[in-house]
Amino acid sequence: MSFGSLDSLYREVVLDHHRHPRKNRPLGDYDVQASGKNPSCGDEVTLQLKFAGDRIADIGVISHGCAISTSSGSMLADLADGLTLGEAEKLAAVFRRALRGEETPAEVDLGDLEALTGVRKFPVRIKCALLPWVTLLDAVLSHRRGGDGSLPGSKAGDDQPEELVVQLKDGADESER
Amino acid sequence: VRAGHHCAQPLHRLLGVLATCRASFGIYSSARDVQALVDGIRAARKVFLR
């Protein structure tokens, strides 16, 4: 039996994020909190976001779960910090595409997430990698509903593709949430 | 082999673990299956304890 694709999934960068998750602490002061769970497998994540206007000013990602979900959450903490709401949504959508083996726009840099796209070969684990990102979308949605005036599509220059977001939300179904 | 909560979350809370792997036998299980499990556990240890 070969474990070649396992080795390529659990690369050092993934294990490092798992062992030393970034920004893995509660924020003293946050605007939005969202939690996500995969009850079937036991993964849990709580995101806390502090906003400065339209931008994520600080983020806390508290994860409990498998190496895939915690490392994905840690990468999210690195990547989403400082993004606008639209940029964060776009990144989540692009990551989901990458996990489905679909083409991703060249202008979006997935950074360390690139190492997690090997999860494609393990379809039942895709939900683990997506959990923090689906939870991020929940947080962004509740922030938008929170009445700070920034409704979807209301901002000039916001190139966030609506259908990508919808697609990502649909994907939550197959992840048995 | 099944991984996760096995529809038994209260038991996992009681045991203080997030999730577990459970190996079980059926009448069709063979020595080869057992060897595959042993190989798999060794491979997992190599990845996560390195």
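Definitions and limits used
- Residues numbered from 1 in each chain as written.
- Chains lettered and ligands numbered in written order.
- Predicted model: local features only at pLDDT ≥ 70, side-chain atom pairs only at ≥ 80, totals over all residues.
- Heavy atoms only, no water.
- Pairing = 2+ DSSP bridges.
- Helix = DSSP H or I, 4+ residues; strand = E, 2+ residues; numbered from the N terminus.
- Axes fitted to C-alpha atoms, helices over the stretch in contact; angles between N-to-C directions.
- Contact = heavy atoms within 4.5 Å.
- Buried < 20%, exposed > 50% of the residue type's maximum accessible area, 1.4 Å probe, protein only.
- Arc of directions from axis to C-beta.
- Polar contact = N/O pair within 3.5 Å; in protein donor to acceptor, adjacent residues only side chain to side chain.
- Salt bridge = Lys/Arg side-chain N within 4 Å of Asp/Glu carboxyl O.
- Phe/Tyr/Trp six-rings, centres within 6.5 Å; stacked < 30°, edge-to-face > 60°.
- Buried area = accessible area lost by both parts, 1.4 Å probe.
- Patch = residues over 30% accessible without salt bridge, like charges linked within 9 Å, V, L, I, M, F, W, Y side chains within 5 Å.
- Areas by Shrake-Rupley, 256 points an atom, 1.4 Å probe, with all protein chains shown as cover.
- Parallel < 35°, antiparallel > 145°, perpendicular 65-115°, else oblique.
- Left-handed = near helix turned anticlockwise from the far one by under 90°.

A. The arrangement of the sheet that holds strand β1 (residues 32–38) of chain A in detail. All names here are of chain A. Ordered in space as β1-β2-β3, the three strands form an open sheet in which the pairing is antiparallel. Each edge of the sheet is formed by a strand with only one pairing partner; in this case those strands are β1 and β3 (55–64). On average, each strand axis in the sheet is tilted by 15 degrees relative to the strand beside it, whichever way the strands run. Its contacts with the sheet put helix α5 (residues 126–145) on β1 and β2 (43–52), and the angle it makes with β1 is roughly 150 degrees.

B. Layout of helix α2 (residues 12–19) of chain A. When we look at burial in α2(A), the residues that qualify are Val14(A), Leu15(A) and His17(A). The buried residues of α2(A) occupy an angular sector of 160 degrees when the element is viewed end-on, so they sit on one face.

C. Region of interest: the environment of Ser35(A). Residues and elements named next belong to chain A. Of note, serine 35 is situated in strand β1. Linking serine 35 and alanine 57, residues 22 residues apart in sequence, is a C-alpha distance of 19 Å. Here the side chain of serine 35 touches threonine 46 through a polar contact of 3.1 Å, side chain to side chain.

D. A look at the pattern of salt bridges. Residues and elements named next belong to chain A. This model, assessed by the stated rule, comprises 11 salt bridges over all chains. A salt bridge links arginine 144 to glutamate 89; the nearest nitrogen and oxygen atoms lie 2.7 Å apart. Here arginine 144, found in helix α5, pairs with glutamate 89, found in helix α4 (residues 85–99); they are 55 residues apart in sequence, far enough to count as distant. With respect to class, arginine 144 is no different from glutamate 89; both count as buried.

E. Spatial organisation of the packing of aromatic side chains. Within this structure, the stated rule accounts for two aromatic pairs over all chains. Summarising the aromatic geometry, the rings of Tyr10(A) and Phe48(B) are spaced 4.7 Å apart at their centres and angled 70 degrees between planes, so their arrangement reads as edge-to-face. In this pair, Tyr10(A) is assigned in the loop between α1 (4–9) and α2 and Phe48(B) in helix α2 (residues 31–48), connecting two distinct chains. Among the residues examined, Tyr10(A) registers a relative accessible area of 7% and is labelled buried. The partly exposed category is assigned to Phe48(B), whose relative accessible area is 34%.

F. Geometry of the interface of chain B and chain A. The interface is formed by 13 residues belonging to chain B together with 15 residues belonging to chain A. Both sides together, the interface formed by chain B and chain A hides about 1,100 Å², and carbon and sulfur atoms give 61% of it. Joining chain B to chain A, the criterion identifies zero salt bridges. At six residues, α2(B) tops the list of elements feeding residues into the side of chain B that touches chain A.

G. Layout of the pairing of β1(A). All names here are of chain A. Of the two faces of β1, the one lined by Val32, Ala34, Gly36 and Asn38 is fully buried and the one lined by Gln33, Ser35 and Lys37 carries no buried residue. Pairing between β1 and β2: seven bridges, direction antiparallel. Residue pairing across strands places glycine 36 opposite valine 45, the latter belonging to β2. Adjacent in sequence and paired antiparallel, β1 and β2 are bridged by four residues, among which glycine 42 carries a positive phi angle near 95 degrees.

H. Seen up close, the side chain of Gln48(A). All names here are of chain A. Summarising the element assignment, glutamine 48 is placed in strand β2. With a relative accessible area of 6%, glutamine 48 lands in the buried category. Separated by 2.6 Å, the side chain of glutamine 48 and the backbone nitrogen of leucine 27 make a polar contact. In terms of polar contacts, glutamine 48 uses its side chain to reach the side chain of glutamine 33, at 2.6 Å. Glutamine 48 has contacts with Pro26, Leu27, Tyr30, Val32, Gln33, Asp58, Ile59 and Gly60, leaving out every residue within four places of it along the chain.

I. Region of interest: a nonpolar patch on the surface. There is a patch of nonpolar side chains on the surface, built from Leu11(B), Leu14(B), Leu15(B) and Val17(B) and spanning about 400 Å² of accessible area. Looking at the element boundaries, Leu11(B) is found in helix α1 (residues 9–15).

J. Just the packing of α4(A) against α5(A), in detail. Residue and element names in this part refer to chain A. Where α4 meets α5, the closest approach of the two axes is 10 Å, and the angle between their N-to-C directions is 155 degrees. The orientation of α4 with respect to α5, classified from their angle, is roughly antiparallel. In this structure, α4 meets α5 at a crossing whose hand is left-handed. For the pair α4 and α5, the contacting residues are Leu85, Gly86, Ala88, Glu89, Leu91, Ala92, Phe95, Arg96 and Leu99 in the first and Ile126, Ala129, Leu130, Trp133, Leu136, Leu137, Val140, His143 and Arg144 in the second.

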